[in-house]
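Here is how the chains run, residue by residue.
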Amino acid sequence: MRAAVFVKQVPDIRLGSVATKPDGTIDRGSAPAILNPVDLHALEAALQLADDVVAITMGPAASEAVLREAIAHGATTAALVTDRAFAGSDTWATANVLAAAVEAMGACDLYVCGLSALDGETGQVGPQIAERLGIPHVTAVETAEVDGAFLRLRRVVEGGYETIRLPLPALLTIAETGFVPRYPTWPLRQAAMAAEIIRFGAQDLELGDDAAGLQASPTKVAHMEMVPLPALTTAFVGPDLSYEDLASLLKEIEPIGAPIPVEAARHPTVAAACEGTPTVWVVCERSSSGLAQVSAELLTKAREIADATSTGVAAVVLGDDVDRAIDDASTFGADVVFVARDDRLRDGLSLPATRVLCEAVAAHEPEVMLFGATSSGRDLAPRVAARLDTG
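Residues numbered from 1 in each chain as written. Predicted model: local features only at pLDDT ≥ 70, side-chain atom pairs only at ≥ 80, totals over all residues. Heavy atoms only, no water.

**Student:** Please clarify how the pairing of strand β14 (residues 280-283) should be interpreted in this entry.
**Tutor:** Each regular strand displays side chains that alternate between the two surfaces of the sheet. Residues Val-280 and Val-282 of β14 are buried on one face, and the alternating residues Trp-281 and Val-283, pointing to the opposite face, are buried as well. Across three bridges, β14 lies against strand β19 (residues 368-370) in parallel orientation. Considered in β19, the bridge of Trp-281 is made with Met-369. (Buried < 20%, exposed > 50% of the residue type's maximum accessible area, 1.4 Å probe, protein only. Helix = DSSP H or I, 4+ residues; strand = E, 2+ residues; numbered from the N terminus. Pairing = 2+ DSSP bridges.)

See below:
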């Protein structure tokens, strides 16, 4: 099996602060450059599943260092995709470039990425490459094994795992909880120092100004800042602590990022009918009791956006057994609820959901779509954005 693993050189934000330039791009000289840590887990996954592994990165000439590190860890060959025309590319444009590089090098059976990059944490490039290549993908993979023309995977989700059987070719993004990276050996380090790195530029990939670079990118970073965590409280307790005493101690400690209670997010009145089709959409997720809390919170925020822009809110509910979620959506501020009833649209199946959502967008032309920052939302949103060619 032949596999391509996408790696990235990132500033080590653990050792230095990261600033942005006036054009909104990251000032990568403000912190030491390293190989994105989770990409080592992705490389290990590729090495365990395939016998021929090519490492690919996009970046300036200095990014060659992470490719040599990948070879030192076991990659067979490496390719550097570099051109000034690619500078400032967002995830959409980056996916265009990397997919073009894959096509130039020849198809693989498997494509692997880290779950997200230390300098952005979007987790969007992997699914967007899969969309460009027209193959299925699964995110946050923790274990994988080859089963003929399929892969058997365990994927990390909120509260547990999903077990998935995926046809090849396919793309995986790997979580840090799986595939512990191996240490490079001295012979491999020597081979990495002497290895020839394949290079591609914009002309080699036949990419124009409308497909890559800052000006082509639909998403631009306006501002970035480090958000410090609040001071933590530590209490030392003895072995005889009772559950009641533990509960009392925990109540004294202010939780970090405590979720908004569902009742607190509930809109006070049923939303009034709006003129025409609402242009602010929320792609909703479901829980066992109805609408998922993340979707309730998103609908409340969407209501604020819609009221400020004189439009309406639409909730999009996909799947089977969705009646309770439909009722909840209107209660939390949706003017309209779009429903697609089919068991194949349940959470975690991104390909059919992407097709349905893109067809709905083509028919109704919303201006904004909001997804929850959940395993399902992070899986689906980038694929939809790539198919719609939007940010």
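**Student:** How should the pattern of salt bridges be read in this particular structure?
**Tutor:** Side chains bearing opposite charge may pair, as long as their charged atoms lie close to each other. Scanning all chains against the criterion turns up 19 salt bridges. Measuring nitrogen to oxygen at the nearest pair gives 3.6 Å for the salt bridge that ties Asp-52 to Arg-2. Within this pair, whereas Asp-52 is found in strand β6 (residues 52-58), its partner Arg-2 is found in strand β1 (residues 2-6), the two being separated by 50 residues in sequence. Judged by relative accessible area, Asp-52 falls into the partly exposed class, the value being 26%. Judged by relative accessible area, which is 22%, Arg-2 ranks as partly exposed. The partner of Glu-131 in a salt bridge is Arg-383, with the nearest N and O atoms 2.7 Å apart. Linking Glu-131 in helix α4 (residues 125-133) with Arg-383 in helix α12 (residues 375-388), this pair joins segments that are 252 residues apart in sequence. Here Glu-131 and Arg-383 have matching classes, each one buried. (Salt bridge = Lys/Arg side-chain N within 4 Å of Asp/Glu carboxyl O.)

**Student:** Even after reading the chapter, I still don't get the sheet that holds β1, so can you show me in this structure?
**Tutor:** Consider a sheet: its strands pair through backbone hydrogen bonds, and that pairing is either parallel or antiparallel. With mixed pairing, the nine strands of this open sheet are ordered in space as β11-β10-β9-β12-β8-β1-β6-β7-β13. Two strands in the sheet have a free side with no partner beyond their single neighbour: β11 (160-167) and β13 (198-200). Adjacent strand axes in the sheet meet at a mean angle of 30 degrees, parallel and antiparallel pairs treated alike. As judged from the five bridges shared by β1 and β6, these two strands associate in the parallel manner. In the sheet register, Val-5 faces β6, and the bridge partner there is Ala-55. Contacts from helix α1 (residues 37-49) reach β1, β6, β8 (110-114), β9 (137-147) and β12 (170-174), with the element oriented near 155 degrees to β8. Most of the contacts of helix α3 (residues 91-105) go to β6, to which it runs at about 145 degrees, and overall it touches β1, β6, β7 (77-81), β8 and β13. (Axes fitted to C-alpha atoms, helices over the stretch in contact; angles between N-to-C directions. Contact = heavy atoms within 4.5 Å.)

**Student:** How do you make sense of the side chain of Glu-131 when you look at a structure like this?
**Tutor:** We classify Glu-131 as buried; its relative accessible area is 13%. Among the polar contacts listed, one links the side chain of Glu-131 to the side chain of Arg-387, at a separation of 2.8 Å. Beyond its immediate stretch of four places on either side in the chain, Glu-131 contacts Arg-383, Ala-386 and Arg-387. (Polar contact = N/O pair within 3.5 Å; in protein donor to acceptor, adjacent residues only side chain to side chain.)

**Student:** Any chance you could explain the side chain of Asn-96 here in plain terms?
**Tutor:** The topology assignment puts Asn-96 in helix α3. Here the side chain of Asn-96 touches Ala-211 through a polar contact of 3.0 Å, landing on its backbone oxygen. Once residues lying within four places of it in the same chain are set aside, the contact partners of Asn-96 are Arg-132, Leu-207 and Ala-211.

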